[in-house]
Amino acid sequence: MIGLGFEDYKQSLLPILKVKLAEPAAGELNAVVEAVVTKYQLVLEFNDEMKEKLIENLRTSFNTTVSLPSVLRGSGYHLSWLNSVKENKDLKHWNRYKYYLRSMKMWPELVIDSLDETSDEILDLCGDPTSGEPFDRRGLVMGYVQSGKTANFTGVINKAFDVGYQVVIVLAGLHNNLRSQTQIRLDEEVIGFTMKRQQVRDRFVGVGLLNGYQFTDVKSLTNSDNNGDFSISKAGSMFSPPILLVVKKNKTVLTNLLNYLQKKSPYAVKKEGVAHKVVKELPLLIIDDEADQATVNTTDIYEDNDNTIINPEYDPSTINKLIRDIFHTFEKRSYVGYTATPFANMFIDRDSQSKDHGDDLFPRDFIYGLPKPNSYAGPAEYFNVYDNEEEQQGALVRTVIHEEDFVPIKHKKDRIPGDIPISLIESIYAYLIGTALRRLRGQEKKHSSMLVHVTRYTEVQNRVYRKINDYVESIKDAIRYARGNSEQERDMQSLYESDFMTTSNSRPDGGEMFNWEAVKKEIPNVLLKLRVKEINGKSSDVLEYEEHKDGHYVLAIGGDKLSRGLTLDGLIVSYYLRTTDKYDTLMQMGRWFGYREGYFDLCRIYTTSELSDWFYHIAVATEELRGQLEDMSETGQTPEQYALEISVHPDMDITSPNKMRTGRVRHTSYSASLVQTTVFENKKEAFRSNFVATENLIKRLGGLGESTTKGSNDNIYWENVKSTFILSFLEQYHTPSFISRVDTRSLKQYIESCNELNELKNWTVVIINPGQESARKIDDVKLNSGVKRKGQTNYDMSSQSLSIKILTSEGHEYADFSAEEQKEAKAIVDHVEEGNKKKHKANLHAKARSIRKETNGLLLLYPIETKSASTYDEGVMAKAAKYLGLTENDLPIGFAISFPRSKIAHSTRAVLVNKSIIGE
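Calculation rules
Residues numbered from 1 in each chain as written. Predicted model: local features only at pLDDT ≥ 70, side-chain atom pairs only at ≥ 80, totals over all residues. Heavy atoms only, no water. Salt bridge = Lys/Arg side-chain N within 4 Å of Asp/Glu carboxyl O. Helix = DSSP H or I, 4+ residues; strand = E, 2+ residues; numbered from the N terminus. Buried < 20%, exposed > 50% of the residue type's maximum accessible area, 1.4 Å probe, protein only. Contact = heavy atoms within 4.5 Å. Pairing = 2+ DSSP bridges.

Student: What's the story with the pattern of salt bridges in this structure? I'm lost.
Tutor: Tallied over the full model, the rule gives 29 salt bridges. Here D136 ties to R364 by a salt bridge, and the two come within 3.0 Å at their closest N and O atoms. With a gap of 228 residues between them, D136 in strand β3 (residues 135-142) and R364 in the loop between β12 (358-359) and β13 (366-369) connect regions that are remote in the sequence. Here D743 ties to R745 by a salt bridge, and the two come within 3.6 Å at their closest N and O atoms. For D743, a relative accessible area of 11% translates into the label buried. It is possible to trace a salt-bridge network through shared partners that takes in D136, R137, R138, R333, R364 and D365.

Structure (structure tokens):
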């Protein structure tokens with residue numbers, strides 16, 4: 001067996017492990033993997049280095065879960081074709097890519113299987129390239145920010161070439177760096193060969209370096225050089241299919257490509273009744289990466305001043321028009337848009353068309369929601385959308401006060417930044433510590449990055465770059481000359497012991513930690529490799545991860561170029577102050593989302609409390625969106641019925657107004673939902689008012705007779721409470737006007753509407769965290785110190801709000817269920833399909849809430865702790881209590897309501913929908 005590679009050994013061990021793990025008394029996963037690998041090391045004859053590599057990879061392979069995909073299929077007839085075509089095709093490009101993912105990228109087997117399945121389903125929803133008839137298919141794939149969308153469409157492209165697509169055009173963003181990054185990726189994972197000018201010797205790359213796989217059937221008319229985009233002069237006579245082109249969404253580039261295809265391509269022919277030549281025989285697949293950017297038509301689509309009559313001849317915006325023109329040049333054509341923020345695409349008018357440019361790019365044939373592996377860290381994970389009480393102490397977001405002397409929120413391009421704020425210095429320390437810990441955990445050859453995004457202006461970015469670069473050099477000098485006793489090292493040690501040790505040890509995903517001396521020894525190695533770079537259109541700096549096989553350490557200062565599409569490999573710390581009032585723009589700026597295997601507990605986001613709250617709101621809205629998609633997928637609905645309901649925010653727009661011309665605000669139901677107060681007004685009188693509202697409710701409840709206690713903490717219950725008690729409480733309780741989702745007026749209206757239909761008449765009220773030995777009281781109910789909800793790490797006295805991120809703990813919202821109902825709810829929420837696939841969490845909880853009878857509601861009351869054991873552990877409420885002078889009678893009280901599924905769609909909560917879908 002000597003001479004076999006990693007993939008050979010892995011494939012030998014996989015079936016053995018599957019059998020072992022299926023045994024009733026298999027034991028703990030990690031122990032079984034290690035035992036099997038150790039046992040077969042002598043038989044298969046691999047060394048200790050290979051053994052450790054196999055153990056790590058196989059553990060990950062069997063410890064990964066993937067959520068279920070969701071798909072809406074169009075109402076038009078479409079015959080499934082892929083399986084029959086695959087029987088007669090050599091899937092050499094896909095098989096090569098799959099082998100590359102296993103052996104070179106070491107992907108878990110389940111993730112590769114999921115990619116295989118989803119890319120098959122997406123391609124099957126496109127047109128059959130072997131068909132003798134023209135076809136026109138349009139779809140949208142919804143992924144997550146930095147989640148592997150590129151890997152998915154790379155799989156689709158490989159398979160597309162295998163089954164007969166002859167031209168694949170990838171629309172790769174607006175900037176050269178993103179287009180170049182995408183080209184590099186597809187050179188490595190589809191073509192196996194590069195035309196990059198600097199690479200003059202071995203042009204085989206990626207999949208082309210695998211033994212037995214050095215074929216180059218696919219040609220590219222573009223390359224990864226900065227000026228490697230499409231041009232007519234480069235194309236010449238090279239247009240010999242199969243062809244791959246990676247192009248920017250740029251007027252000049254797309255115009256050149258359109259002119260070439262219609263006028264100079266050897267495959268373009270005249271067609272009667274058509275002004276331009278068409279390509280009849282070559283099937284086209286357009287992959288539109290970041291399909292919500294530039295693609296969506298932004299031209300006014302109305303012909304009257306009242307915005308009521310759609311003009312069927314409206315002129316599309318330039319990029320939209322050119323994409324449609326290129327698409328319609330081919331008679332066999334499929335268009336697939338990919339995005340993590342599909343808000344703009346969901347507001348494309350499904351009925352709009354133009355005589356000259358054809359139908360708009362509404363995804364009429366399919367909408368496909370990609371699954372999410374449990375190893376992915378996205379908005380829901382960073383901003384604790386599904387958090388519980390125990391995980392609160394391990395939050396990764398560090399809220400900072402926006403210091404106006406540095407870079408004000410509003411500033412001009414000639415702004416001279418002030419001194420580097422302490423929070424930015426701390427974030428640099430966090431990056432050095434986190435990267436040092438990754439090295440100690442065996443990731444010394446992995447890329448490690450930090451992002452600083454504080455301004456859109458390149459001139460200001462340059463000044464920030466120089467200040468940060470000078471400061472990093474000062475750290476190097478201090479460590480070099482102070483001999484282990486510098487102020488910076490002392491500050492880093494304090495941060496390590498107070499933050500990193502506490503956070504990582506409290507998280508379920510926390511990795512191995514080390515003593516400070518071990519960490520300190522690694523920091524000079526980090527600084528030695530670290531490069532501070534300015535990434536924008538006026539800087540010559542580039543990221544060049546592919547040039548650093550032993551790991552690239554980079555601190556990147558930038559703006560728009562770092563805000564969409566571009567990947568910062570191994571991003572561990574982000575310092576982000578850039579404001580925007582658009583859901584999609586803000587979410588795309590979150591470059592810190594992605595896969596952080598083995599170091600997620602070391603990641604940090606430094607941002608303001610306002611931005612943190614905004615991210616949380618969008619994360620919740622996005623999770624709801626995906627839950628809607630999954631629910632519609634299960635009931636067999638179509639894209640035309642996808643009346644997307646997006647929760648509105650009083651201070652933000654969902655996307656640009658010119659992309660939302662079909663958007664209409666309407667109100668929707670709280671049916672099968674959980675609402676909870678996570679944001680509070682930063683005023684003493686607001687806390688006092690809510691305490692009085694809670695006190696009045698408890699006084700009224702006391703008149704019902706004895707309460708009962710349940711659970712390990714003896715939470716206090718009142719059952720069979722009339723809805724009038726709840727309505728009175730909501731009338732008195734004050735929620736901030738700037739928080740739309742948890743609005744007591746809307747909640748009150750909703751309950752009143754339900755009452756008219758004999759729903760929500762019977763309530764259970766629960767006080768969480770009572771204390772029988774405590775002197776603290778609300779009326780006659782004794783309280784403990786309150787639930788620990790750390791929330792923001794800093795308190796900004798000028799902010800209008802305080803955020804605790806999460807209020808409820810796991811299982812609380814099923815507190816009124818019987819033992820049998822609780823067991824049923826847990827089975828629903830924890831259910832995993834065959835192959836470790838799980839449904840969307842929002843949808844699972846909605847199904848569990850449906851167990852509750854429509855007559856029954858649950859109100860949970862949470863006194864919140866205002867004291868902490870240490871300064872570092874001090875939550876935002878503790879800091880607010882000190883500043884505002886809160887007393888026992890101003891005790892912060894939060895509430896949560898778990899609603900059953902309603903039989904009627906009561907309308908109270910504001911959402912935005914596409915009026916062309918709902919028929920308004």
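The structure having been displayed, the exposition proceeds.
Student: Could you clarify how one ought to interpret unusual backbone geometry in this entry?
Tutor: One can expect most non-glycine residues to show negative phi and most peptide bonds to be in trans. Residue P242 follows P241 across a cis peptide bond; omega there is 5 degrees. Residue placement: P242 occurs in the loop between α9 (232-235) and β6 (243-247). Despite not being glycine, A672 shows a phi value in the positive range, around 55 degrees. Assignment of secondary structure puts A672 in the loop between β23 (663-668) and β24 (674-676). Taking the relative accessible area as the measure of exposure, A672 reaches 6% and is therefore buried. Even without a glycine there, the phi angle at N758 is positive, about 65 degrees. The topology assignment puts N758 in the loop between α21 (744-755) and β28 (762-767).

Student: Just to check I follow, could you spell out helix α20 (residues 723-732) for this structure?
Tutor: Three or more residues of α20 are buried, namely S723, F725, I726, L727, F729 and L730. Looking at the packing, one finds that the buried side of α20 touches α19 (684-702), β27 (715-722), α21, β28, β33 (856-863) and β34 (893-898).

Student: Help me understand the environment of S114, please; the structure alone is not making it clear to me.
Tutor: Tracing the backbone shows S114 in helix α6 (residues 109-125). Look at S114 and you get buried, because its relative accessible area is 9%. On a C-alpha basis, the gap between S114 and N152 in space is 9.7 Å, while along the polypeptide they are 38 residues apart.

Student: Looking at this model, I keep getting lost on the pairing of strand β9 (residues 284-289). Mind explaining?
Tutor: A regular strand places its side chains on the two faces of the sheet in alternate fashion. Summarising burial for β9: six of the six residues are buried, a large majority. Here β9 shows a buried face lined by L284, I286 and D288 and a second buried face lined by L285, I287 and D289. Across six bridges, strand β4 (residues 167-172) lies against β9 in parallel orientation. Looking at β9, one finds that I169 is bridged to I286. Pairing of β9 with strand β10 (residues 332-339), which is carried by six bridges, proceeds in the parallel orientation. The residue of β10 that forms the bridge with I286 is Y335.

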